[in-house]
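Each chain, written out:
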Amino acid sequence: MSTTPKPVQSQDSREVALHLFAALRMAAFVPLPDGHFRLLGVVPDWLRNFLPEAAAAPDLDLIERFPLIQSFLSEADEVWRGTADARLCSDMWAETLPGGGETHLQAWAVLVANSPYLVIEAADALHRERQLVVQYAHDTALLYDTIVRLNREVQLAAQAKSDFLAMMSHEIRTPMNAILGMADVLAESSLTPEQRRYVDIFQRSAGSLLDLLNDILDMSKIEAGQLKLEHVRFELRDVVSRAVELIGIRAAAKGLKIEADIAPDVPAWLMGDPVRVRQVLINLLGNSTKFTEQGRLQVRVERNPQGNGPASLLFGVSDTGIGIAAEQLPKIFESFEQADASTTRKYGGTGLGLAICKKLVEAMSGRIWVESTVGTGSTFYFSCEFGVAVAPAPEKQGQTQTKLPALHADTPVRILVADDSEDNRAVVRAYLKGTSCVLDFAADGLEALEKLKSSHYDLALVDVHMPGMDGHAVVRAFREHERAHDHAALPVLALTADAFKESVERSLASGFTMHLAKPIRKATLIEAIARHAQAGTQVATGPAPSVMIDEDLSAILPRYLSNIRRNPAAAAAALARGDFDTIRSLGHNMKGTGTSFGLPQITQLGGELELAAKNQDSDAIRHAVDELAHFLESLAVQYK
Amino acid sequence: MIQKKVCMVGAFGVGKTSLVSRYVRSIFSEKYHTTIGVKIDKKVLASDKGDITLVLWDLAGEDALTTVRPAHLRGSSGYILVIDGTRRNSLDVALDLQRRAADAAGPVPFVVVINKADLRDGWEVKQAEADELATRGWTVIETSAKTGAGVEEMFGALTRAMMRAHHVNDSKAGAVAG
């Protein structure tokens, strides 16, 4: 027996199709020339709700009943004229049911065998499904908008916090400059033992306040994700010795000895951030000194047995101090945590130091932990990942840095001090009393600029934050003036309470020769002046280089030098934005031109700058820029 | 009877459906139900010139995948551009929609509403931006579908503008016929 289905006759096919339409909750219509639509077959139940007259009069005014059909008809006409796809659906639309509630409808324009049809479908199921999907998409989009908005608010809040801290840092450092400065000056004067003890407390307390300020700034920068690590070449032994030397003074006062031991297989030169390594060591050694009354402290550095490669190091800082109870060990690296409250009362501190160490060590791909026994002592360990660096070539003859001169030469050093704070002007005056410095003062930026333009100085100390014209504007305007008049660049040192790295970079980019962060200690200021004071005053360092240049070059050399004098500031600005290509190009240009103009020093410094930029070695770049600025400042050309 | 087609347009989730629901049925639901396609409602207003039926076409809000069909806007006597005061982006969408609505519907009256006035403290749309819309000569009304604030005013202002346009057109038609 055959299983092939029996084909339906044409009349049967029409009935089947209409039943199929009804089952699919569709109603089919034929458009009529008078704008009405004729329903095919019986009226479906769902349609009866909206068109009760349909059973009696199959030619219906659908546009009147369903206004949306009107806007669909222009598109439907395209289909029915056979000029478009043979099937097109309208948007869904909602119709209110007589007893309340809604039904969602959708219209189709269809062309079948050149005959036009309009089909209306009750599409509640499809509507529900589509609504779920679209609503999910909308909810997600709104959530995304919320996340973006909240993220923006968090960033603004972080920026506000950062700005607040920078401002507070500045506001605190400005009076601290006067306090520490005057304390230093007072300490050098003739005092009774009792007065000396008071000044000592005065200095120590101010120093502690400054340490605390630095800790808070560090922590806030770390939390804001603004901690930027250097990646420069450094000698490990030098870093360890400096930390030991610094804390050694305090330890020696308590009768403690500090020993340092670096295992022989540890690479001597490393790539990393020496400042941060030293900071961790100083912090740990400082703690050990604080909590040890007798015995010794020890620093040991060895290759990390669990590390990767020779520059993966393990540091250990041991003491014979009071030790830490086992239950207090887990939280000792958390912010604002100390072993117990009595520790704070007895030993002071904020509890930020170890938290900062932990963050710094983690930033250097390491970890920090402690092993301790109460009454016996503690050993703090931390690991760090460095790169191995090639040792630098020995310095050439004559390039060895000589000890900086004291400012006692007979030749006077003429210095302009521009600072709106009378107290800070007084500090500089007190610091430089008894030296060969001859001081002139300006109380604001405009006065400073006028004096710089009209008088001759060997060096200027300019406060960055002054009312009206700030230090950046002063130095930029003055550098323009120097270029316009073909003057050699005067060393202009920035004095500022801004301690952030960004501020230093901004100062150099503005044209300052150097950035001194307040509070400035006497020795630092004198060293900076001695290093940068103009040729006429540097008697102790020898005569200024006088270069004999061929007379033929006299017409073009001034312009060449004027261009080259822009390079230190241009390189500093490029370094501030991480633009090593520009620095490399500046160096390359100097390397290729210096000797042609009779200035092989420029060729040599250009080569150094180009190489440093190629290696992205920020310290080497700064060094080359300093050398170049120094050479240009002291350059005296004579034509032969 | 005068019948006027009015389209509600704007970004998704700005409150078009809620404004219509408040105006036609005096109800508000906290729950957000996105509109798929078009919802058509009617509101009959009495006037000294006889009843006016507003046929309110609440068009699905624009999103990354949904664009308002110009065909829906054709034949409108006016439209309402809805902005969500808490979402700055909905202002940009509204400005874009205004250009397209003017192309599709012609120079018909429209009203700009900044909805969600009950959340005014959290608005991202600034007063200066609302003022700037007003300086274009646009009617700008703050509304809250939740409290009903500004809703009658919004439809009232648009209806008056549409009726003014209606009478001008009538006069022109009369002049031509005469």
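Please refer to the structure placed before this passage.
Residues numbered from 1 in each chain as written. Chains lettered and ligands numbered in written order. Predicted model: local features only at pLDDT ≥ 70, side-chain atom pairs only at ≥ 80, totals over all residues.

**Q** Where do I start with the sheet that holds strand S20 (residues 514-517) of chain A in this structure?
**A** The pairing of strands in a sheet comes from backbone hydrogen bonds and takes either a parallel or an antiparallel form. Residue and element names in this part refer to chain A. Within the open sheet, the five strands sit side by side as S17-S16-S18-S19-S20. Their pairing is parallel. At either margin of the open sheet sits one strand with a lone partner, and together these are strand S17 (437-442) and S20. If you compare each strand with its neighbour and ignore which way they point, the axes differ by 20° on average. Where strand S19 (residues 492-496) and S20 come together, four bridges link them in parallel fashion. Counted as the bridge partner of Thr496 is Ala517 from S20. (Pairing = 2+ DSSP bridges. Helix = DSSP H or I, 4+ residues; strand = E, 2+ residues; numbered from the N terminus. Axes fitted to C-alpha atoms, helices over the stretch in contact; angles between N-to-C directions.)

**Q** Teacher, can you tell me more about unusual backbone geometry here?
**A** Of all residues except glycine, most have a negative phi; of all peptide bonds, most are trans. Notably, Ser365 of chain A is not glycine yet its phi reads approximately 60°, a positive angle. Among the secondary structure elements, Ser365 of chain A is positioned in the loop between helix H10 (353-363) and strand S13 (368-373). Taking the number of C-beta atoms within 10 Å as the measure of exposure, Ser365 of chain A has 14 and is therefore partly exposed. Residue Ser26 of chain B is not a glycine yet carries a positive backbone phi of 60°. Mapped onto the elements, Ser26 of chain B comes out in the loop between helix H1 (16-25) and strand S2 (38-45). (Buried ≥ 20, exposed ≤ 12 C-beta atoms within 10 Å, placed from the backbone.)

**Q** Please clarify how the nonpolar core should be interpreted in this entry.
**A** As a rule of thumb, soluble globular proteins bury nonpolar side chains together. Core analysis: the largest hydrophobic core is formed by 72 residues, its most contacted members being Met8, Val9, Tyr79, Ile80, Leu81, Ile83 and Val113 of chain B. Ranked by residues supplied to this core, first place goes to helix H4 (residues 67-80) of chain A with seven residues. Formed by 60 residues, the second largest nonpolar core is a distinct cluster that contains Cys437, Tyr457, Met466 and Val504 of chain A. (Core = buried A, V, L, I, M, F, W, Y, C linked by C-beta atoms within 7 Å.)

**Q** I would appreciate a short explanation of the sheet that holds strand S9 (residues 257-262) of chain A in the present structure.
**A** All names here are of chain A. Read across the sheet, five strands follow the order S9-S11-S12-S14-S13 without closing on themselves; strand pairing throughout is mixed. If you trace the sheet from one side to the other, it starts and ends with S9 and S13, each paired once. Neighbouring strand axes in the sheet, compared pairwise and without regard to direction, differ in orientation by 15° on average. Looking at chain direction, S13 and strand S14 (residues 377-385) are connected through six bridges and run antiparallel. Residue Ile368 lies in a different strand from S14, and its bridge partner there is Phe382. Contacts between helix H7 (residues 236-253) and the sheet are confined to S9 and strand S11 (296-303), with S9 contributing the most and set at about 170° to the helix. Along the sheet face, helix H8 (residues 274-290) touches S9, S11, strand S12 (312-318) and S14 and points at about 150° away from the line of S11. (Contact = placed C-beta atoms within 7 Å.)

**Q** Looking at this model, I keep getting lost on the interface of chain B and chain A. Mind explaining?
**A** Accessible area lost on assembly of the parts is the figure often given for the size of an interface. Across the boundary between the two partners, chain B contributes 16 residues, which contact 20 residues of chain A. At the level of secondary structure, the elements contributing two or more residues to the side of chain B that touches chain A comprise S2 and helix H2 (70-73) of chain B. It is S2 of chain B that provides the largest number of residues to the side of chain B that touches chain A, a total of three residues. Split into classes, the residues belonging to the side of chain B that touches chain A amount to six nonpolar, five polar and five charged. (Nonpolar A, V, L, I, M, F, W, Y, C, P; charged D, E, K, R; others polar.)

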